[in-house]
Amino acid sequence: MANRTVKDAKTIHGTNPQYLIEKIIRSRIYDNKFWKEECFALSAELLVDKAMLMRFIGGVFGGNIKPTPFLCLTLKMLQIQPEKDIIVEFIKNEEFKYVRALGAFYMRLTGSSVDCYKYLEPLLADSRKLRRQNRDGQFELIYIDEFIDSLLRDERVCDVILPRIQSRHVLEENNELEPKVSILEEDIEEGVESSDEEEPTDKRREKEHRNKHSPVKEKRRDRERDKRNRDRDRDRRDRDRGDRRDRDRHRRSRSHDRERSRRHRSRSPYRK
């Protein structure tokens, strides 16, 4: 009973939410001490307190596949299926970074393609560090933006196979998402505009002249011109070769027709 999904839970991606985690890992979680002691009869409100006590993320570790508390809480969220508003609050929580990581991981497992891009992409600006436990049981440091990027790009994160999501450009073409604007791109454009405004006209004109007549660009233009000339000559040779081939074929065909008609006349019984 303690391992069953709640009765009023909705199917996620056409299946039981708990089935998003593979069976072998799910059975290891059910046998885990943290699951039995800390996740028993856990509600959505109490789950927040447990998430605030987390100190690292990760999937499974060790030779006998032990699950981390992060993965246990993820399965518990799949089991009780909290409201979407609660998950959004998890993601927007700036004080507890592991709560944010848990909410982002759950959103990537259960959310639609639009929701994943809508709620996870803003987290790419978060550069705080996270502790992650690898398969050997050792801890390593990663960044939140690195973790979010792996959620959006990789097929498996924290030893869980992620559901497929549509590519961003497809959603943009269908007008379901706004075009992505990079923060770095805006800073670069502002920097270029400010430098152009501060630069005197004479210096700007001199720079444009130098860029236009630089030896490197002249050499590149010469190479491109030579390449165009070579392509044009090759096309002309191919065209001439084709015309010559057609003339030879026509000449052979005419000579063959004359020879055949001559033989036909020589074999005719009416010829005297």
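Residues numbered from 1 in each chain as written. Predicted model: local features only at pLDDT ≥ 70, side-chain atom pairs only at ≥ 80, totals over all residues. Heavy atoms only, no water.

K.L.:
I keep staring at the packing of helix α5 (residues 84-92) against helix α6 (residues 97-110) and nothing clicks. Help me out?
P.N.:
Between two packed helices, the angle of one axis relative to the other and the distance separating the axes together describe the packing. Their axes nearest at 7 Å, the elements α5 and α6 cross at an angle of 135 degrees. As judged from the angle between their axes, α5 and α6 are oblique. The way α5 lies across α6 gives a crossing that is left-handed. Contact residues: Ile87, Phe90, Ile91 and Lys92 in α5; Val99, Arg100, Leu102, Gly103, Ala104, Tyr106 and Met107 in α6. Of the residues assigned to the contact of α5 with α6, the class counts are 8 nonpolar, 1 polar and 2 charged. (Axes fitted to C-alpha atoms, helices over the stretch in contact; angles between N-to-C directions. Helix = DSSP H or I, 4+ residues; strand = E, 2+ residues; numbered from the N terminus. Parallel < 35°, antiparallel > 145°, perpendicular 65-115°, else oblique. Left-handed = near helix turned anticlockwise from the far one by under 90°. Contact = heavy atoms within 4.5 Å. Nonpolar A, V, L, I, M, F, W, Y, C, P; charged D, E, K, R; others polar.)

K.L.:
Which parts of the structure should I look at to understand the side chain of Asp159?
P.N.:
With respect to the helices and strands, Asp159 occurs in the loop between β6 (156-157) and β7 (160-161). Here Val60 takes part through its backbone nitrogen, which lies 2.9 Å from a polar atom of the side chain of Asp159. Leaving out residues up to four positions away in the same chain, Asp159 has contacts with Glu22, Ile25, Gly59, Val60 and Arg135. (Polar contact = N/O pair within 3.5 Å; in protein donor to acceptor, adjacent residues only side chain to side chain.)

K.L.:
What should I look at first to understand the environment of Arg28 in this one?
P.N.:
Tracing the chain through its elements places Arg28 in helix α1 (residues 23-30). On the basis of relative accessibility, which here comes to 31%, the residue Arg28 falls in the partly exposed class. Not counting the four nearest positions on each side in its chain, Arg28 is found in contact with Asn64, Ile65 and Pro67. (Buried < 20%, exposed > 50% of the residue type's maximum accessible area, 1.4 Å probe, protein only.)

K.L.:
Is there a simple way to think about the nonpolar core in this case?
P.N.:
One broad trend across soluble globular proteins is that nonpolar side chains are buried collectively. One finds Phe70, Leu102, Phe105, Phe147, Ile148 and Leu151 to be the most contacted residues of the largest nonpolar core, which totals 54 residues. Elements represented by at least two residues in this core include exactly α1, α3 (44-52), α4 (69-80), α5, α6, α7 (113-120) and α8 (144-153). It is α6 that contributes the most residues to this core, 9 residues altogether. Discounting residues that sit within four places of it in the chain, Phe147 has contacts with Ile57, Phe70, Ala101, Phe105, Leu130, Ile142, Val157 and Cys158. (Core = buried A, V, L, I, M, F, W, Y, C linked by side-chain atoms within 4.5 Å.)

K.L.:
Just checking my understanding: could you explain a negative patch on the surface for this structure?
P.N.:
Residues Asp8, Glu83, Asp85 and Glu89 make up a contiguous surface patch of negative charge. Among the structural elements, Glu83 can be located in the loop between α4 and α5. Assessed through its relative accessible area of 58%, Glu83 is described here as exposed. (Patch = residues over 30% accessible without salt bridge, like charges linked within 9 Å, V, L, I, M, F, W, Y side chains within 5 Å. Areas by Shrake-Rupley, 256 points an atom, 1.4 Å probe, with all protein chains shown as cover. Salt bridge = Lys/Arg side-chain N within 4 Å of Asp/Glu carboxyl O. Lys, Arg positive; Asp, Glu negative; His and termini not counted. Charge placed at Lys NZ, Arg CZ, Asp CG, Glu CD.)

K.L.:
Is there a simple way to think about the packing of α6 against α7 in this case?
P.N.:
Two numbers describe how α6 lies on α7: the axes approach to 8 Å, and their chain directions differ by 160 degrees. One finds that α6 runs roughly antiparallel with respect to α7. Considering the relative orientation of α6 and α7, their crossing is left-handed. Contacts between α6 and α7 pair Ala104, Met107 and Arg108 from the former with Asp115, Cys116, Tyr119 and Leu120 from the latter. Partitioning the contact of α6 with α7 into residue classes produces 5 nonpolar, no polar and 2 charged.

K.L.:
How should I be thinking about the sheet that holds strand β5 (residues 139-143) in this particular structure?
P.N.:
Strands in a sheet are paired, the pairing made by backbone hydrogen bonds, and the direction either parallel or antiparallel. Reading across the sheet, the 3 strands line up as β1-β4-β5 and stay open at both edges, with mixed pairing between neighbours. Single-partner strands in this sheet number two, and they are β1 (57-58) and β5. As defined by bridge partners, β1 adjoins strand β4 (residues 129-133) across 2 bridges and the pair is classed as parallel. Each bridged residue has a counterpart across the sheet, and for Ile57 the counterpart in β4 is Arg132. (Pairing = 2+ DSSP bridges.)

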